[in-house]
Amino acid sequence: MFGKNDVIPGRRLTFGITLTFVSLFLFIPLCAFVLFASGMGIEKFWSAVTDWRNVHAYGVSFFCALVAGLINAMFGLVIAWVLVRYDFRGKKIMDALIDLPFALPTAVAGIALTTLYAQNGLLGQFFYSVGIESAFSPMGITIALVFVGIPFVARSVQPVLKDLDPQLEEAANLFGTGNWTIFSRIILPELVSPLLTGFALAFARGIGEYGSVVFIAGNMPYETEIAPLMIMTKLEQFDYQSAAAIAIVMMCLSLAILLGIHGWQSRQLKRIGGVVSA
Amino acid sequence: MRESIWLRRFLIFLAATFLFVMLIMPLILVVKEALAKGFEVYFKALTDEFALKALYLTVEATILAIALNTIFGLASAWLLTKFDFRGKTFLGSLIDLPFAISPVIAGLFFIMLFGRMSPLYPILQEYDVAIVFAIPGIILATVFVTFPFITRELVPVMESQGRSEEEAAATFGASGWTIFRRVTLPNIKWALGYGIILCSARAMGEFGAVSVVSGHIRGKTNTLPLHIEILYNEYNFTAAFAVASVLVMLAIFVLILRNVVEYYSKDIEREEVVEPSADLKVGVANG
Amino acid sequence: MVEVEVRNVNKTFGNFKASDNVSFEIERGKLIGLLGPSGSGKTTILRMIAGLETPDSGEIYIGGRKVNDLPPGERGIGFLFQSYALFKHMTVFENIAFGLTVQKKSKEEIKSRVEELAELIGLKNFTRRYPLQLSGGQRQRVAFARALAPNPELLLLDEPFAAIDAKVRQELRGWLKKTIHQLGITAIFVTHDQDEAVEVADEIIITNRGRVEQAGVPIEIYQSPKTPFVAKFIGESVQVPDYTIFKGFEGYEQHEGILRPEFLEIGATIEEMPQPMPVTTERGIVRGTYFRGSTIQIDIEVKGQLLRGFRGLEQPPLHEGDLAFVFIHKIYGFDGDKTQVIENAAKFRESVII
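Residues numbered from 1 in each chain as written. Chains lettered and ligands numbered in written order. Predicted model: local features only at pLDDT ≥ 70, side-chain atom pairs only at ≥ 80, totals over all residues. Heavy atoms only, no water.

A.B. asks: Got a sec to walk through the overall build of chain A? Specific residues and values, please.
C.D. replies: Looking only at helices and strands, one finds 13 helices and 0 strands in chain A. Here the C-alpha coordinates of chain A stretch approximately 75 × 70 × 35 Å along the principal axes. Within chain A, contacts between residues separated by at least 24 positions form 69% of all contacts whose residues are at least 6 apart in sequence. Working note: accessible area of chain A is about 12700 Å², and carbon and sulfur atoms make up 66% of it. In chain A, the 17 positive side-chain charges and the 17 negative ones have mean positions that sit 9 Å from each other. (Helix = DSSP H or I, 4+ residues; strand = E, 2+ residues; numbered from the N terminus. Contact = heavy atoms within 4.5 Å. Areas by Shrake-Rupley, 256 points an atom, 1.4 Å probe, with all protein chains shown as cover. Lys, Arg positive; Asp, Glu negative; His and termini not counted. Charge placed at Lys NZ, Arg CZ, Asp CG, Glu CD.)

A.B. asks: Account for the nonpolar core, naming residues and giving values.
C.D. replies: Within soluble globular proteins, side chains that are nonpolar generally end up buried alongside one another. By size, the foremost hydrophobic cluster in this structure holds 222 residues, and its most contacted members are I231 of chain A together with I49 of chain C. Element by element, the count of residues in this core is highest for helix α3 (residues 52–85) of chain A, at 15 residues. With residues up to four places along the chain from it excluded, the contact list for I231 of chain A reads A243, I246, A247 and M250 of chain A together with V104, I105 and L108 of chain B. Residues V92, L134, L157 and I180 of chain C belong to the second largest nonpolar core, which totals 46 residues. (Core = buried A, V, L, I, M, F, W, Y, C linked by side-chain atoms within 4.5 Å. Buried < 20%, exposed > 50% of the residue type's maximum accessible area, 1.4 Å probe, protein only.)

A.B. asks: Which residues make up a nonpolar patch on the surface, and what values do they have?
C.D. replies: Nonpolar side chains collect at one region of the surface, where I252, I256, V260, Y263 and Y264 of chain B lie side by side and expose about 470 Å² of accessible area between them. Inspection of the secondary structure assignment puts V260 of chain B in helix α13 (residues 237–270). (Patch = residues over 30% accessible without salt bridge, like charges linked within 9 Å, V, L, I, M, F, W, Y side chains within 5 Å. Salt bridge = Lys/Arg side-chain N within 4 Å of Asp/Glu carboxyl O.)

A.B. asks: Before we move on, could you go through the interface of chain B and chain A and cite the residues and values that matter?
C.D. replies: Chain B puts 83 residues into the contact, and the matching count from chain A is 82 residues. Here chain B and chain A share 1 salt bridge between them. A salt bridge links R258 of chain B to D99 of chain A, with the shortest nitrogen-to-oxygen separation between them at 2.4 Å. On inspection of chain B and its partner chain A, the count reaches 5 residue pairs in polar contact (both at pLDDT 80 or more). Looking at which element gives the most residues to the side of chain B that touches chain A, the answer is helix α1 (residues 5–34) of chain B, with 18 residues. (Polar contact = N/O pair within 3.5 Å; in protein donor to acceptor, adjacent residues only side chain to side chain.)

A.B. asks: Provide a residue-level description of the packing of α3 of chain A against helix α12 (residues 227–236) of chain A, including the pertinent values.
C.D. replies: Residues and elements named next belong to chain A. The geometry of α3 relative to α12 is characterised by a closest axis approach of 7 Å and an angle of 145° between their N-to-C directions. Taken together, the residues of α12 that come into contact with α3 (itself represented by R53, N54, A57, Y58 and S61) are A227, P228, M230, T233 and K234. Residues of the contact of α3 with α12, tallied by class, amount to 5 nonpolar, 3 polar and 2 charged. (Axes fitted to C-alpha atoms, helices over the stretch in contact; angles between N-to-C directions. Nonpolar A, V, L, I, M, F, W, Y, C, P; charged D, E, K, R; others polar.)

A.B. asks: Could you give an account of empty space enclosed by the protein, with specific residues and numbers?
C.D. replies: Residue and element names in this part refer to chain B. With the rule as written, the count across this model stands at 3 cavities of 30 Å³ or more. Estimates place the volume of the largest cavity at around 40 Å³. Every residue along the wall of the largest cavity is listed here: T58, A61, T62, I138, T142, A203, M204, E206, V210 and T223. Residue assignment for the lining of the largest cavity shows that the elements contributing at least two residues are α3 (49–82), α7 (135–146) and α10 (176–205). Take the lining of the largest cavity: its biggest share by element is 3 residues, from α3. (1 Å grid on protein atoms, 1.4 Å probe; cavity = no way out; pocket = protein on both sides within 12 Å on 5 of 7 lines; lining within 4 Å. Points joined across faces, edges and corners; volume = space filled by probe spheres on them.)

A.B. asks: Hey, could you go over the pattern of salt bridges for me, with residue numbers and the actual values?
C.D. replies: Considering all chains together, one arrives at 34 salt bridges over all chains under this definition. Note that K88 of chain C and E165 of chain B form a salt bridge whose closest N and O atoms lie 2.7 Å from each other. Separated into two different chains, K88 of chain C in the loop between β6 (77–80) and α2 (92–102) and E165 of chain B in helix α9 (residues 164–171) make up a pair that spans both. The class for K88 of chain C is partly exposed, based on a relative accessible area of 31%. Its relative accessible area of 5% is what places E165 of chain B among the buried residues.

A.B. asks: Residue-level account of the sheet that holds strand β18 (residues 330–335) of chain C, with values.
C.D. replies: Residues and elements named next belong to chain C. Spatially, 4 strands are ordered β11-β12-β18-β19 in an open sheet, and the strand pairing comes out antiparallel. A strand with exactly one partner marks an edge of an open sheet, and here the two such strands are β11 (238–240) and β19 (338–343). Neighbour-to-neighbour, the strand axes of this sheet turn through a mean angle of 30°, independent of strand direction. (Pairing = 2+ DSSP bridges.)

A.B. asks: Please provide a residue-by-residue account of the domain arrangement of chain C, values included.
C.D. replies: Residues and elements named next belong to chain C. Partitioning chain C into domains gives domain 1 (2–226) and domain 2 (238–353). Spacing between the C-alpha centres of domain 1 and domain 2 amounts to 41 Å. Contact with domain 1, which involves 5 residues of that partner, is made by 7 residues of domain 2. Area buried by domain 1 at its contact with domain 2 is led by Y222, P225 and K226, which between them contribute 83% of it. (Domains from an automatic or database assignment. Buried area = accessible area lost by both parts, 1.4 Å probe.)

A.B. asks: Outline the domain arrangement of chain A, listing residues and values.
C.D. replies: Residues and elements named next belong to chain A. Segmenting chain A into domains produces domain 1 (6–38) and domain 2 (40–272). Computed over C-alpha atoms, the centres of domain 1 and domain 2 are 31 Å apart. Taken together, the contact pairs 4 residues of domain 1 with 8 residues of domain 2. Together, F33, F36 and A37 form the three largest contributors to the area buried by domain 1 at its contact with domain 2, with a combined 89%. There are 0 salt bridges connecting domain 1 and domain 2. Among the residues making up the side of domain 1 that touches domain 2, the classes are represented as 3 nonpolar, 1 polar and no charged.

A.B. asks: I'd like to hear about the sheet that holds β6 of chain C, residue by residue, with values.
C.D. replies: Residues and elements named next belong to chain C. One open sheet holds the 6 strands; their spatial order is β6-β7-β8-β3-β9-β10, and the pairing between them is mixed. Two strands bound the open sheet, and with one partner strand each, they are β6 and β10 (211–216). For this sheet the average axis-to-axis angle between neighbouring strands, irrespective of direction, equals 15°. Judged from the 5 bridges that link them, strand β7 (residues 154–158) and strand β8 (residues 186–191) form a sheet pairing that is parallel. Bridged to L155 within β8 is A187. Where helix α4 (residues 136–148) meets the sheet, its contacts fall on β6 and β7, and the angle it forms with β6 comes to roughly 165°.

Set out below in structure tokens:
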């Protein structure tokens, strides 16, 4: 570890700083959590995990994040496609705008979206007039999660689409292949991996998202409570054990998604000899 | 592949509409609601004592998060790219961990570590140190959620630069500090700037983690996003949107800055003009 | 006087033995080529001399001083990286000046030294440019000047010509050889290109699989390769599984060997042969002829074995399928990991027969 024969100096110093920071800000808090959670006792843990109100909350988080991830996968692909392959006015602005959800505080997005989609809101009035509740409903949660997830897919697909070898398409063109066939048989397979990466990131982010969702969700028990909100609620009731139990379930869920996608990708890529991008 | 003009127009229209509805409309709405009751109310909301205190705390937490994460980012990126050691991949994944963890859970970690049920709590009480439900907790939570940002920006850039420039400098006996300052830093300055921008955007907007550890003590432990929440829940919408409009402006500033940084970093690459070696003959003759 | 001595050096990367008991000496003022195929450990040796890698065991001496525990900056070496590793954001001037700046030399001293070197590399008017604004050849010369600036005793060059266009490469080789000799500095360069090694180096060290196979002046290595690897690696050659089938080479215990094209005499008629005797001359069938500029390459099948030789352009032409006569002057026979030169027995019988 402490190679004294390094040509480039600074191994000890950077190792020391890194280790200190990782310990202070990541490892010790994580350990505190694990220690606390492990002292909980299996019965208490199980009853907190399987409490029906909590189970419902995981379900809401999971399905809304899933639907939002799918919507983002679709629109993210269209946005990346348009930005890479077409020239039009306002393209630069569109490109810059995509990152807005990274830059805009989630609470701001939350209150803005709530006001927009509420019954008397600018967009909400249309939805409510046809009997769709676009706020304080699972749909509202999904809208907020679409907002926070916009950059993930677009930014994953964009560079891959840009680097796509144009000769592939030219070769297909020589055979007189149709547009749809070229897209579905030649371009789309190249984009599956970045699409999945972006989708997984948006999905995982959606499950843990709190700030943008909490305003538009309405937070009605057994209806529009999300998992992170349940943690907040338990904390406010000083029920730390239940909060920890819900946190464990959420972390397992995110981890399963990320690992699942990663595993799928490396299996796929092994077949074609690529490198996992996530 | 040549799509018809109609398909192109349709796709551009689709993307533009989606982004307009999802991103532009909320921004316009924030401004509209903020000014709904005129400029006087708007400025009053901004200069409100609690709003200013929240702004002050947000700035404080952001600056500290940037400072700490810059030190950490540079050290960890140097360690990860300039040396080989066992457990390198593990360390890399550990640093990325905060990306995979919900901010609310991140806040929970610090409650577990310093809160009432922690073994550290009696010690902290004895010395009268408050961490959770106080400013240090907010800063810790902010550093946690922004932890990977700068490292993540630096590592790929430093990886692609390789080690040979640093090795070359070392063959002349340059010290570690000289190598870093004169050779490495100029090569990574744009990536570092970009990382700092991302880090500050996230730090000033963080809600979930900060919300958990803050305890919502008005005027004491509220950051701007938390202040917005309180105002909104009190049905003081105009004030909430007025404060939000400040954050919108900051967000737009961040986006512009981001694009400026990106433009300049590409500009450097564009300078790569390979000239024909017409002068070589002269060179050989002189040698 | 010995400038560099490498003594029993070993180096392993994981399971890969990069240096296997490497020893050699280099005299002061010599320009040495470290030649070997890729993965033969030549760059590792160079990097260990520079101090960029640490040997697992063994000693390295530069100018009589043991340098094993010295960092690169204190070894009195200049290193030219394969990709040059020029500092991208520094001008040519700042690049060349870097080593002197680190040594805290005075401004005037730095300025005069940089100007002197810029003159030497013919880039006097380019000192304010950045590396990315230079051509490959120019970059290489800047890297050369940068390495030379602090007056190193020893210059180490890692594949100095690999990243340069073929046309410019030729000019640079000559320039580099002349300049290094002018400066009177000791230099070691690594290459995988035998033409480059033969053309530029005073002496060549051939490496293979982490071992030094042979060291010496180019012509000596060419004429008497000590190992089968060197015999195969240097020059053009055709390997034969059993050379005792050929006339004049019968009765040897070893069978494997190689033939160089210039060991073969190929005649269209038996009168053309140096010893027009059926007992010493093989018959073969021409399988292919290739115009090679100054000669014609003939691939000819003799006793089921495809051999290669040259014929002059002024000699009567041979065509595919023609019957032709072949005299083999000598063969490099393999004996374990050694090589021996075997002359055609007919050469000794000459007087007897006549």
